[in-house]
Amino acid sequence: MADKFKALVVNQESENFTREVKSIEHSFLKHGDVLVKVDYSGINFKDALILKNGARLVKEFPHIPGIDFSGKVEESKNEKFKSGDEVILTGWRVGEIYFGGYSQYAKVNGDFLVKKPKEITTRQSMILGTAGLTALQCAFVAKLTREELLLGEKVQDVIVTGASGGVGSMAVMILNKLGCNVTAVTSKDKNHEYLKSIGAKNFINTSELTKDPRPLDKGLWDGAVDTVGGQVLANVLAQTKETGIVASCGNAADIKLNTTVMPFIIRGVKLWGINSVNISTVRRNFLWNEASKLIDFNLLNNSIKEISLEEVLDIYPKMLKGETSGRYIINVNK
Ligand SMILES: NC(=O)c1ccc[n+]([C@@H]2O[C@H](COP(=O)([O-])OP(=O)(O)OC[C@H]3O[C@@H](n4cnc5c(N)ncnc54)[C@H](OP(=O)(O)O)[C@@H]3O)[C@@H](O)[C@H]2O)c1
């Protein structure tokens, strides 16, 4: 193991916020009982916010961001893991209050790690990352919760907002694979071909869902995955049919939601919050094992951009402006 390794470090000194890829020593890593040699990380919307200014999520500086990573255990003081195990980390506030995956080595609490299913590679696990795990949660809630848990009618027509994004694009693919007729909401007409190739059947421009919603609109959707919040979510709720479930996971447009109780009390619509950060290890293991069945990595491959730690610094501002599409994975050893 080399004495020094590369990491992207952010720092805040009074008003001055800096980000820099630099060489650091192992003693810099201060949390956790399992040392992982990182293969890949990813860039999620939350990572972009943290890279901008810490987003009030980072409490101590200097700090290593990166809310996801995959790699191989190098050393472990945790009985659940041994050297050589291939592992995945998403959430648990790693990259926020604990050092994250924008580093060639990461040290974390072993209870945060899951063993990588053998059906997927460490690279593929980061093609999914938090975005994929969240999309899996959303799709299972919007479709299978109504059909299997609530013994409801079949979920056929579904809508996914922010469809070109990490969560949105993966939700399109998963819901299509689960047999739904997927309508993708995107602000980027140029992405229709790509979204079609991963399973979208119909398209709506985001601008059509930013009007002030009526309390109830024509019911169009059996289920929904919303990644943007605000007016778009309010319109989706008003357009959801009887007993439909709307899985809300994001706020790419707005944290506010201005709606009425009508979809809930007249149609029995359910607004189901999704949080991927603290879900239990049991559910994580279940979802990661489903991933290989529901994700066609060959189809995603064309839209994956593999970037270096240095390149992250160019990409995150574009992500914050909604100018990126698909998934960026970070090869920390590039
Ligand atoms: N709850 C959780 O556990 C969890 C987990 C992961 C992510 N999230 C949240 O989910 C959201 C999406 O995350 P992500 O990683 O997929 O981000 P992303 O890759 O940046 O995708 C966001 C997408 O939302 C759309 N969008 C962006 N700005 C918008 C705006 N002002 N108005 C309307 N649409 C806009 C764009 O889609 P188009 O280009 O198609 O228009 C963009 O591609 C974020 O808010 C993130 O924080 C939550």
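Residues numbered from 1 in each chain as written. Predicted model: local features only at pLDDT ≥ 70, side-chain atom pairs only at ≥ 80, totals over all residues. Heavy atoms only, no water.

Undergrad: So, the pairing of strand β2 (residues 16–25): which residues are in play, and what are the values?
TA: Bridge count between strand β1 (residues 4–13) and β2: ten bridges; the pairing is antiparallel. Residue pairing in the sheet places K6 in a bridge with S23 of β2. The turn linking β1 back onto β2 is made up of two residues, and S14 within it adopts a positive phi angle of 45°. (Pairing = 2+ DSSP bridges. Helix = DSSP H or I, 4+ residues; strand = E, 2+ residues; numbered from the N terminus.)

Undergrad: Could you give me a rundown of the state of the cysteines, with the residues and numbers involved?
TA: Under the definition given, this model contains zero disulfides. C138 forms no disulfide, and the closest cysteine sulfur to it belongs to C249, at a distance of 4.0 Å. Looking at C180, it has no disulfide partner, and the nearest cysteine sulfur is the one in C138, 13 Å off. For C180, a relative accessible area of 5% gives the class buried. (Disulfide = S-S within 2.5 Å. Buried < 20%, exposed > 50% of the residue type's maximum accessible area, 1.4 Å probe, protein only.)

Undergrad: So what's going on with a nonpolar patch on the surface? Which residues, and what values?
TA: A grouping of V261, M262, I265 and I266 is seen on the molecular surface, where their side chains present a nonpolar patch of about 360 Å² in accessible area. Inspection of the secondary structure puts M262 in helix α6 (residues 262–266). Since its relative accessible area comes to 31%, M262 is described here as partly exposed. (Patch = residues over 30% accessible without salt bridge, like charges linked within 9 Å, V, L, I, M, F, W, Y side chains within 5 Å. Areas by Shrake-Rupley, 256 points an atom, 1.4 Å probe, with all protein chains shown as cover. Salt bridge = Lys/Arg side-chain N within 4 Å of Asp/Glu carboxyl O.)

Undergrad: So what's going on with the environment of L237? Which residues, and what values?
TA: With respect to the element layout, L237 can be found in helix α5 (residues 230–238). Separated by 105 residues in sequence, L237 and G132 have C-alpha atoms that sit 23 Å apart. Those residues in contact with L237, other than ones at most four positions away along the chain, are V246, L257, T259, P263, F264, V269 and L271. (Contact = heavy atoms within 4.5 Å.)

Undergrad: An account of the sheet that holds strand β13 (residues 270–273) is requested, with residue identities and associated values reported.
TA: Pairing in this open sheet of six strands is parallel, and the strands run β10-β9-β8-β11-β12-β13 from one edge to the other. One side of each edge strand has no neighbouring strand; the edge strands of this open sheet are β10 (200–205) and β13. Taken pair by pair, the neighbouring strands of this sheet meet at an average axis angle of 20°, ignoring direction. Strand contacts of helix α2 (residues 122–149): β11 (221–226), β12 (240–248) and β13, with the helix running at about 150° to β12, the strand carrying the most contacts. Docked against the sheet, α5 engages β8 (157–161), β11, β12 and β13, running at close to 155° with respect to β12. (Axes fitted to C-alpha atoms, helices over the stretch in contact; angles between N-to-C directions.)

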